[in-house]
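# A look at the structure
As a plain string of letters, each chain reads:
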Amino acid sequence: MEEKTPMLKISASPHIRSNDSTTRIMGDVLIALLPASVMGIYNFGFRACLMILICVVSCMVFEWMSELIMKRPVTVRDLSAAVTGMLIALNLPVSLPFWMAIVGCLFAIVVVKQLFGGIGQNFMNPALAARCFLVMSFVGPMTRFTYDAVTTATPLATLREGGIHSVSLWKMFFGTEAGTIGETSAAALLIGAIYLLMGRVIRLTIPFFYLASFSVFIAIYCLTKDMSMADTARFTALHLSGGGLMLGAFFMATDYTTSPITEKGKMLYGVLLGLLTFCFRIYGNSTEGVSYAIIICNLLVPIIEMITKPKSFGEGYDKKSLSENRGWLEPVRLDENGDPIPEEKKDKKDKPLRIVVSICMIAILSGALLGTIYAITKKPIADTAEKKKQEAYKTVMSGADEYKETEELETENKELEKQGFSGVTLNTKVDAMKDGSRIGRIWVITTHEGYGGDIRMAVGVQDGKVTGVQMLSISETTGLGMEARDNPSFTEQYQNKQVESFTVVKTDPASENEIRAITGATITSKAVTNSVNAVLAAEKMSEQGKEGGADNE
């Protein structure tokens, strides 16, 4: 009987085989995301369920269509697109219009994933890229959060403005607070994380160094603020429980494609994530920094791996030096004159230089594209801003039929600074005219003391009384500082009052010059009030200057 020769397989190393497949791994991730999804649906209702379904289906459809168009093998069944869709949905506020969510899915699948070669080739996490794209494109809807049908601030925003005792750690941990669909419940996310760790889908290295380094940086910050140990522990726990940190640490920072493969690289990657998240949250305008931290570190992964790449066995072996010292190991080749013949050098590409050049080229092309878009949209944006400004003038001084602007206000700004108004800048003085006569004046002023940045507003003054306050540009926290724009009852407090200046109080006003602060947004309230006081002072200077000029005549 003829003995059969066993079949041999020819393949490149490593020769270790695993029963794991992309479909099984992605299926495990979907299962791990179920607790957070269920909690999101419980918190935000049926619309959250619909948002998750729309995002998952959209991503799978876009992947199928793009692969057909690019003539690639269809990989929809590997469930990677479904995972991307679910992660996108969990990173969105429930009130976001569905069409915006679909645009985000299109960007994630087609631009970030398929244009770079499909699964395993994307240079950053597609779901987070979609989130950042949507935040930059639709900042209002992406930062508007609702809970129990009420628009409110996220716990981290409230924590930043109101202090460590302004929010409930219990509610933040279990997720009965405002936020995106899947980031609110740290408990639900930890359940999913444990499932992934037990199934060996992910390793603990990146999440551990991410969360540990972030906690250390937060603790150091608390020490610089002279917080007690109890307050430091509470402040750290609140930050760990909110802002999608658990979602990012366990489900997105650990993405196989966009995270380092070396052990030291994973450690360095986690520490960088912790540092960037800390900087964005504490020193940035936004209270949430996980998305941008992960995307930036995704771009640094090639450099991290280059730095932490282990040496190959025998690397650094200097044949020439050994030959000279131990001739019996390897003879030195000599030419006809008796001189050593140098070995041929291998053509090695300068990888670090190539990476730097590639990044620079991407930056240049991106800058050129942004410049082109800016040039195209510059005029429409300017026209919209002018229209908005004219509407604001009519709102604060409705009786006028003409508005004459003056922008040379250097003298007024210097005088205001002498009077102690150092945090404001007068931009424009507008004479409100009716039938050729001035009936009042509108001042456009910018305060640099807003919580989220500069606040630009128009303030109308007539006969020493404020006729109206209208926000032209404001980027405060949704549900808190943005109430200065969205809630007319706040700005109406300034109207038709004959006072020298206003002051901010946290209780019901006891006199005409008292303005009740927006709950949880005292900084914003004081910034707006200081601007109105500066306008009243400027108006008084202007009237006194006019009277002085008449007397001189």
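Within any chain, residue numbers begin from 1 and follow the written order of that chain's sequence. Note on the predicted model: pLDDT of at least 70 is required for a residue's local features to be given, and 80 or more for side-chain atom pairs to be given and counted; whole-chain, interface and lining totals, by contrast, use all residues. Processing note: side-chain calculations cover all non-hydrogen atoms of the structure and skip hydrogens and water entirely.

### Observations concerning the pairing of strand S6 (residues 455-462)
Extensive coverage of S6 is indicated by the burial of six of its eight residues. Following DSSP output, two strands are said to pair if at least two bridges run between them. Think of it this way: any DSSP run of H or I at least four residues long counts as a helix, any run of E at least two long counts as a strand, and we number them from the N terminus. Bridge count for S6 against strand S7 (residues 465-473) is seven bridges, and the pairing is antiparallel. Considered in S7, the bridge of Gln-462 is made with Lys-465. Counted along the chain from S6 to the antiparallel partner S7, the turn is two residues long, and its residue Asp-463 has a positive phi close to 55°. Whether a residue is buried, partly exposed or exposed follows from its accessible area with a 1.4 Å probe, protein chains only, as a fraction of its type maximum: under 20%, in between, or over 50%, in that order.

### A few points about the pattern of salt bridges
Any carboxyl oxygen of Asp or Glu within 4 Å of a side-chain nitrogen of Lys or Arg constitutes a salt bridge here. For the structure shown, the criterion picks out ten salt bridges. One salt bridge in this structure joins Lys-429 and Glu-412, with 3.8 Å as the shortest N-O distance. Pair noted here: Lys-429 is in strand S4 (residues 424-434) and Glu-412 is in helix H17 (residues 410-418), with a separation of 17 residues, a long-range link. Both residues of the pair, Lys-429 and Glu-412, belong to the buried class. A salt bridge links Lys-540 to Glu-500; its shortest N-O distance comes to 3.5 Å. Here the residue Lys-540 occupies a position in helix H20 (residues 522-552), and Glu-500 occupies one in the loop between helix H19 (488-491) and strand S8 (503-505), the gap between them amounting to 40 residues. With relative accessibility at 43%, the residue Lys-540 sits in the partly exposed group.

### Thoughts on the side chain of Thr-236
When you line up the elements, Thr-236 lands in helix H11 (residues 229-241). Residue classification places Thr-236 among the buried positions, given a relative accessible area of 11%. Between two residues, a contact is recorded if the distance between any of their heavy atoms is within 4.5 Å. In contact with Thr-236, other than residues within four places in its own chain, are Ser-215, Ile-218 and Ala-219.

### So, the sheet that holds strand S3 (residues 402-406)
Taken together, five strands build an open sheet; the order of strands is S3-S4-S5-S6-S7 and the sheet is antiparallel. If you trace the sheet from one side to the other, it starts and ends with S3 and S7, each paired once. Ignoring which end each strand starts from, the neighbouring axes of this sheet average 25° apart. Bridge count between strand S5 (residues 437-447) and S6: seven bridges; the pairing is antiparallel. From the neighbouring strand, Trp-443 faces S6, where its bridge partner is Val-459. Throughout, an axis means a line fitted to C-alpha atoms (over the contacting stretch in the case of helices), and angles, computed between N-to-C directions, take values from 0 to 180 degrees.

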